[in-house]
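For reference, the chains in residue letters:
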Amino acid sequence: MKTLMTVIGTRPEIIKMSPLVPLFDVRFRHLLIHSGQHYSPNMDAVFFDELKLRRPDAVLACGGLPPAEQVGMLMQRLEPLLQLHKPDAVVVHGDTNTTLGAALTAAKHKADGMCLIHVEAGCRSHNPRQTEEVNRLVVDRLSDLMFVPTEADADNLRAEGIASGRWRVTGNTVVDSCRRTAALVDDLELLARRRLSHAGYVLATLHRQETVDERGRLAEVVRALEAIAAKCPVMIPLHPRTVKNMAEFGLAFQSPGIRVIDPVGYLEMIGLMKNARFCVTDSGGMQEEAAVLRVPALVIREETEYMHYVRAGALKLTGTDFNAILTAAQPWLDSLEDYARIQKLAIDFPKDCSLVIADAIEEFLD
Ligand code: UD1
Ligand code: UDP
């Protein structure tokens, strides 16, 4: 039996790898390693519990450090595990510090025949200053096998001259996570508990470095959310990076229409998305989930890896400018006409993405 080592460490990696882990557990001698990049119970353990994910075989406790130190510590702590277990392949996901650190460590063992497999490869924002973009570019260069969400992402790899034999277009595993969870949500219980009504509130999240690490930009987004909240209640499960930055910058939400809550579990998040009038977000995962759930979403970023959903009319890309956010939100605040259109949008998602990926890895390592 081949040995596979999966390395995860942040909320989106836990959610998006959760459909693959049980498949890997039965097909391979499988080690699940957690970098510890995310560690607060509501950013980490809650997802293991709700998604019925088995516990990691090791936790590397690399949370709360500056980026370069985090990647360095992860490499230092992962290396002995690679030497001990000698996996045939290391699997990483997405574009975080965990992804980069694990990919670099695995790549040091290429001479021993160790392969690197990248799930959610090929995505590009085309913003070379974005830390996630740097991570993606490096990891895709190093990967032996890549699973790419869409043809548009495959075009990015083609444009970079990455040989087509190294990747397959499979869709995104978050579609599996999101659909399974959406089927479990008790909408009435959730709405009653949170004192909300269907399509009667806006759901907002913000956490990206480029949105929240600069005071002026964060203040602009806060002001825009306040203006939206004057017309429709806004629920905000606030990411710890944003909590920390708002305190440091002396910023606070003032409007009575804003309800800031702690980060929520996946069941609650998908429930809140499903029932929202629209979302305002800079999250990568939520853009894909909004498209799956056919919920309108404003993407408060300058560029997105999900342009195909913008083109399909499911998302609007606004940047972080107050007027641009308000102009885009206005028709969605005034009427449900566009909501009804988006709910009926025909968007195809490849079927059984996780199974296809597990099959392809088995075949690749055979
Ligand atoms: C990371 C990823 C980002 C991803 C996001 C998902 C990188 C470079 N960034 O950003 O791509 O979209 O995760 O949420 O890898 N903190 C806690 N508890 C936690 C985790 C973080 O309090 O469980 C606080 C700490 O103060 C930490 C800060 O949040 O320093 C930032 O966390 P970090 O993991 O460095 O980056 P994220 O902003 O979460
Ligand atoms: N999410 C969640 N609870 C929250 C906020 C987000 O379960 O309070 C989920 C969300 O539905 C998506 C994932 O976390 O599946 C996205 O994570 P995040 O936005 O932190 O990272 P990104 O996708 O931008 O890398």
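Only a predicted model underlies this, so the values are computations on that prediction, with no experimental measurement involved.

Asker: Explain the packing of helix α5 (residues 97-107) against helix α6 (residues 131-142) to me, using residue names and the numbers behind them.
Answerer: A pair of packed helices is captured by two measures, namely the crossing angle of their axes and the spacing between those axes. Contact geometry of α5 with α6 gives a least axis separation of 10 Å together with a crossing angle of 30 degrees. Relative to α6, α5 is oriented roughly parallel. The element α5 and its partner α6 pack so that their crossing is left-handed. Side by side, α5 and α6 meet where N97, T99, L100, A103, L104 and A107 of the first sit next to N135, V138, V139 and L142 of the second.

Asker: Help me get a handle on the packing of aromatic side chains, residues and values and all.
Answerer: Counting across every chain of the model gives 4 aromatic pairs. Both rings, one in F24 and one in F28, keep their centres 6.0 Å apart while their planes meet at 70 degrees; by these two values the pair is edge-to-face. Judged by its relative accessible area of 0%, F24 falls in the buried class. The class of F28 is buried, set by a relative accessible area of 4%. When the ring of Y309 is compared with that of F349, the centres are 6.1 Å apart and the planes differ by 45 degrees; the resulting orientation is tilted. With Y309 in helix α15 (residues 307-311) and F349 in the loop between α17 (337-343) and α18 (353-365), the pair connects residues that are 40 residues apart, well separated along the chain. F349 carries the same exposure label as Y309, and that label is buried. Here the aromatic cluster, defined as three or more aromatic residues joined through ring pairs, consists of Y306, Y309 and F349. The ring of F322 carries the charged tip of R223 above its face, separated from the ring centre by 4.0 Å. Over the face of the ring belonging to W332 we find K316, whose NZ or CZ atom lies 4.4 Å from the ring centre.

Asker: Outline the nonpolar core, supporting the account with residue identities and numerical values.
Answerer: Note that soluble globular proteins tend to have their nonpolar side chains buried in a common cluster. Core analysis: the largest hydrophobic core is formed by 96 residues, its most contacted members being L203, I228 and I361. Those residues in contact with I361 that sit more than four places away from it in its chain are L4, F24, F28, I117, L145 and F147. Within the second largest apolar cluster, 21 residues are counted, among which are V7, A58, L100 and A102.

Asker: How would you sum up the site of ligand 1? Please name residues and give values.
Answerer: The full set close to ligand 1 counts 17 residues, and H38, S40, N97, E132 and R241 are the nearest of them. H38 is positioned with one of its side-chain polar atoms (N or O) 2.7 Å from an oxygen atom of ligand 1. In this structure, R241 approaches ligand 1 through a side-chain N or O atom, which is 2.5 Å from an oxygen atom. When ligand 1 is considered free in solution it has 740 Å² of accessible area, and contact with the protein chains removes 90% of it.

Asker: Let's hear about the pairing of strand β8 (residues 202-205): which residues, and what values?
Answerer: Alternating residues of β8 divide into V202 and A204 and L203 and T205, and every residue in both groups is buried. Of the pairings in the sheet, the one linking β8 to strand β9 (residues 234-237) comprises 2 bridges and is parallel in character. Within β9, the position partnered with L203 by the bridge is M235. Sheet analysis places β8 next to strand β11 (residues 278-281), joined by 4 bridges and oriented parallel. The partner of L203 across the bridge, within β11, is C279.

Asker: Please give an account of the environment of V90 that cites residues and values.
Answerer: Considering the arrangement of structural elements, one finds V90 in strand β4 (residues 89-93). According to the relative accessible area criterion, V90 is buried, its value standing at 1%. Residues V90 and L116, 26 residues apart in the sequence, show an inter-C-alpha distance of 5.1 Å.

Asker: Residue-level account of the side chain of T281, with values.
Answerer: Of note, T281 is situated in strand β11. For T281, a relative accessible area of 1% gives the class buried. Among the polar contacts made by the side chain of T281, one reaches the main-chain amide nitrogen of S283 at a distance of 3.0 Å. Leave out the neighbours within four places in its chain, and T281 touches T205, M286, L298, V299 and I300.

Asker: So what's going on with the sheet that holds strand β12 (residues 297-299)? Which residues, and what values?
Answerer: Pairing within the open sheet is parallel, and its 6 strands lie in the order β10-β9-β8-β11-β12-β13. Edge positions in the sheet fall to β10 (258-261) and β13 (315-317), since each of these pairs with one other strand and no more. Ignoring strand direction, the axes of neighbouring strands in this sheet form an average angle of 20 degrees. Set on the sheet, helix α16 (residues 322-334) makes contact with β11, β12 and β13; between it and β12 the angle comes to about 180 degrees.

Asker: Break down the pairing of strand β1 (residues 3-8) for me, with residues and values.
Answerer: Counting buried positions along β1 yields 6 of 6 residues, so the element is predominantly enclosed. Residues T3, M5 and V7 point to one face of β1 and L4, T6 and I8 to the other, with burial holding for every one of them. Bridging between β1 and strand β2 (residues 29-34) involves 6 bridges; their strand directions are parallel. Across the sheet, M5 pairs through a bridge with L31, a residue of β2. With 3 bridges joining them, β1 and β4 adopt parallel strand pairing. Residue pairing for β4: T6 is matched across the bridge by V91.

Scoring rules and cut-offs
Residues numbered from 1 in each chain as written. Chains lettered and ligands numbered in written order. Predicted model: local features only at pLDDT ≥ 70, side-chain atom pairs only at ≥ 80, totals over all residues. Heavy atoms only, no water. Axes fitted to C-alpha atoms, helices over the stretch in contact; angles between N-to-C directions. Helix = DSSP H or I, 4+ residues; strand = E, 2+ residues; numbered from the N terminus. Parallel < 35°, antiparallel > 145°, perpendicular 65-115°, else oblique. Left-handed = near helix turned anticlockwise from the far one by under 90°. Contact = heavy atoms within 4.5 Å. Phe/Tyr/Trp six-rings, centres within 6.5 Å; stacked < 30°, edge-to-face > 60°. Buried < 20%, exposed > 50% of the residue type's maximum accessible area, 1.4 Å probe, protein only. Lys NZ or Arg CZ within 6 Å of the ring centre and 35° of its normal. Core = buried A, V, L, I, M, F, W, Y, C linked by side-chain atoms within 4.5 Å. Near = heavy atom within 4 Å. Polar contact = N/O pair within 3.5 Å; in protein donor to acceptor, adjacent residues only side chain to side chain. Areas by Shrake-Rupley, 256 points an atom, 1.4 Å probe, with all protein chains shown as cover. Pairing = 2+ DSSP bridges.

Limitation: the analysis is restricted to geometry and does not speak to function.
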